[in-house]
Amino acid sequence: MSLQEGGCLCGKIRISYEGEPLAKLLCHCLDCHKISGSTYSTNVVVPGGSFKLLAGTPKTFAKIADSGSPMTSHFCGDCGTTLWREGPVFGENKIVKAGVLDDPTALDEARPVSEVYTRSRPSWVSEIPGAAQKTVK
């Protein structure tokens, strides 16, 4: 991945980042269950310096995450799509939701090398072969 762009479902919020992700992971935390409306979220962690908000003004929601640390979600106030999260545990890095990226191959390229909060993974969801399994981040 060199330059990746993405956006929310309605198109009002646009983001980009340049370069390779620092990490590619599935998160099974309870927040990601709620944010995704599903069993996990697929994420790419990117350096904050390479991340840009291209258009729109996302709303934010901050809370104490499963880790015990604060996390802030950035989402579209119109369509509700969460585009990225951030928190002190990640420094300046951004946790981009891979499903918001425009490139149709982005999810293939975001194949996770680790899964976190696996204690919250439903029993009917299998491990990703070869991915590190972590009960907590």
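Structure's up top.
Residues numbered from 1 in each chain as written. Predicted model: local features only at pLDDT ≥ 70, side-chain atom pairs only at ≥ 80, totals over all residues. Heavy atoms only, no water.

1. Some remarks on the overall build of the chain
Here's step 1: Scanning the chain from N- to C-terminus turns up two helices and eleven strands.
Here's step 2: Counting from the amino terminus, the chain carries its helices and strands in the arrangement β-β-β-α-β-β-β-β-β-β-α-β-β.
Here's step 3: Taken over the C-alpha trace, the chain has a radius of gyration of 14 Å; the compact-globule value for 137 residues is 14 Å, and the two agree within 12%.
Here's step 4: C-alpha extents for the chain along the principal axes are approximately 40 × 30 × 25 Å.
Here's step 5: When the 137 residues of the chain are sorted by exposure, 45% land in the buried category.
Here's step 6: Across the chain, the fraction of contacts at a sequence separation of at least 24, relative to all contacts at a separation of at least 6, is 51%.
Here's step 7: Surface summary for the chain: the accessible area is close to 7000 Å², and the carbon and sulfur share equals 54%.
Here's step 8: Mean positive and mean negative side-chain charge positions of the chain (15 and 14 charges, respectively) differ by 7 Å. (Helix = DSSP H or I, 4+ residues; strand = E, 2+ residues; numbered from the N terminus. Rg over C-alpha atoms; globule rule 2.2 N^0.38 Å. Buried < 20%, exposed > 50% of the residue type's maximum accessible area, 1.4 Å probe, protein only. Contact = heavy atoms within 4.5 Å. Areas by Shrake-Rupley, 256 points an atom, 1.4 Å probe, with all protein chains shown as cover. Lys, Arg positive; Asp, Glu negative; His and termini not counted. Charge placed at Lys NZ, Arg CZ, Asp CG, Glu CD.)

2. Looking at the sheet that holds strand β5 (residues 51-55)
Here's step 1: With antiparallel pairing, three strands are arranged side by side in an open sheet as β1-β2-β5. Only two strands of the sheet have a single neighbouring strand rather than two, namely β1 (3-7) and β5. With strand direction ignored, the average angle separating the axes of adjacent strands in the sheet is 25 degrees.
Here's step 2: Pairing of strand β2 (residues 14-18) with β5 involves four bridges; the strand directions are antiparallel. If you follow Y17 over to β5, its bridge partner there is F51. (Pairing = 2+ DSSP bridges. Axes fitted to C-alpha atoms, helices over the stretch in contact; angles between N-to-C directions.)

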